[in-house]
Amino acid sequence: MKRPVLVTVIGILTVINGIAQAIFGIVLLSLRNDAEFLSDTDLTTSNVNSIAVACFIMSVLLVVFGTRLLKGSNISRMIVGVVQVASLGFGIYALIALDSSNIPSAVSSIVGSLVVLYFLFGTEKAKQFFAQ
């Protein structure tokens, strides 16, 4: 069966997100000894290094899962689904518990997660594609 367009879009966006995470990690590493950046963020060099490493790990995982999603991997579909459920939970938490400045971010997180979950699990085409 041909891969559904929306699954393709999600897979490509997942890979792009992975590339963006890697770029963010590089930027963080370039700023790890910048006194003004450290002061503004209230982080230490060690914290920045740890965050950058986490970004690199996340970038590799996102690229791997995104490419595997494009190939119809059910494992990648489940992992992306779990991440989206967590994102949905964080969005709901932010909407309820945090101040009003976080509402746009929380709503976009909730909507984005629901859309991805629907396109991966809620359409017949996606169900058929991943059932192969």
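Predicted model, so just to flag it, every value in this text is computed and none were measured. (Residues numbered from 1 in each chain as written. Predicted model: local features only at pLDDT ≥ 70, side-chain atom pairs only at ≥ 80, totals over all residues. Heavy atoms only, no water.)

Some remarks on the overall build of the protein
Here comes step 1: Scanning the protein from N- to C-terminus turns up six helices and zero strands.
Here comes step 2: Helices and strands appear in the protein in the N-to-C order α-α-α-α-α-α.
Here comes step 3: Overall size of the protein, expressed as C-alpha extent along the three principal axes, is 55 × 30 × 20 Å.
Here comes step 4: Within the protein, the proportion of its 132 residues that are buried is 31%. (Helix = DSSP H or I, 4+ residues; strand = E, 2+ residues; numbered from the N terminus. Buried < 20%, exposed > 50% of the residue type's maximum accessible area, 1.4 Å probe, protein only.)

A few points about the environment of N33
Here comes step 1: Relative to the elements of secondary structure, N33 occurs in the loop between α1 (5-31) and α2 (35-41).
Here comes step 2: Residues N33 and S46, spaced 13 residues apart in sequence, show a C-alpha to C-alpha distance of 9.7 Å.
Here comes step 3: Dropping the residues within four chain positions of it, N33 is found in contact with L38 and T45. (Contact = heavy atoms within 4.5 Å.)

Quick word on α1
Here comes step 1: In this model, α1 (27 residues) spans 39 Å end to end at C-alpha, consistent with the 39 Å of a helix rising 1.5 Å per residue.
Here comes step 2: Here α1 has its buried residues at V7, T8, I10, G11, T14, V15, G18, G25 and L28.
Here comes step 3: Looking at the buried side of α1, the elements it contacts are α2, α3 (45-70), α5 (103-122) and α6 (124-131). (Expected span 1.5 Å × (residues − 1).)

Some words on the packing of α1 against α5
Two quantities define a packed helix pair, namely the angle between the axes and the distance from one axis to the other.
Here comes step 1: For the pair α1 and α5, the least separation of the axes is 9 Å and the interaxial angle reads 130°. As summarised for this structure, α1 and α5 are arranged oblique, according to the angle between their axes. The chirality of how α1 crosses α5 is left-handed. Together, L6, V7 and I10 of α1 and V116, F119 and L120 of α5 make up the contact between the two elements.
Here comes step 2: Looking at the contact of α1 with α5, its residues break down into six nonpolar, no polar and no charged. (Axes fitted to C-alpha atoms, helices over the stretch in contact; angles between N-to-C directions. Parallel < 35°, antiparallel > 145°, perpendicular 65-115°, else oblique. Left-handed = near helix turned anticlockwise from the far one by under 90°. Nonpolar A, V, L, I, M, F, W, Y, C, P; charged D, E, K, R; others polar.)

Description of the packing of aromatic side chains
Here comes step 1: Applying the stated rule across the entire model yields two aromatic pairs.
Here comes step 2: Here Y118 and F119 contribute two aromatic rings whose centre-to-centre distance is 5.7 Å and whose plane-to-plane angle is 55°, an arrangement assigned as tilted.
Here comes step 3: Overall, the relative accessible area of 22% leaves F119 in the partly exposed class.
Here comes step 4: Aromatic side chains F129 and F130 sit 5.1 Å apart centroid to centroid with 70° between the ring planes, which places their arrangement in the edge-to-face category.
Here comes step 5: A residue is classified by how much of its surface remains accessible, and F130, at 2% relative accessible area, is buried. (Phe/Tyr/Trp six-rings, centres within 6.5 Å; stacked < 30°, edge-to-face > 60°.)

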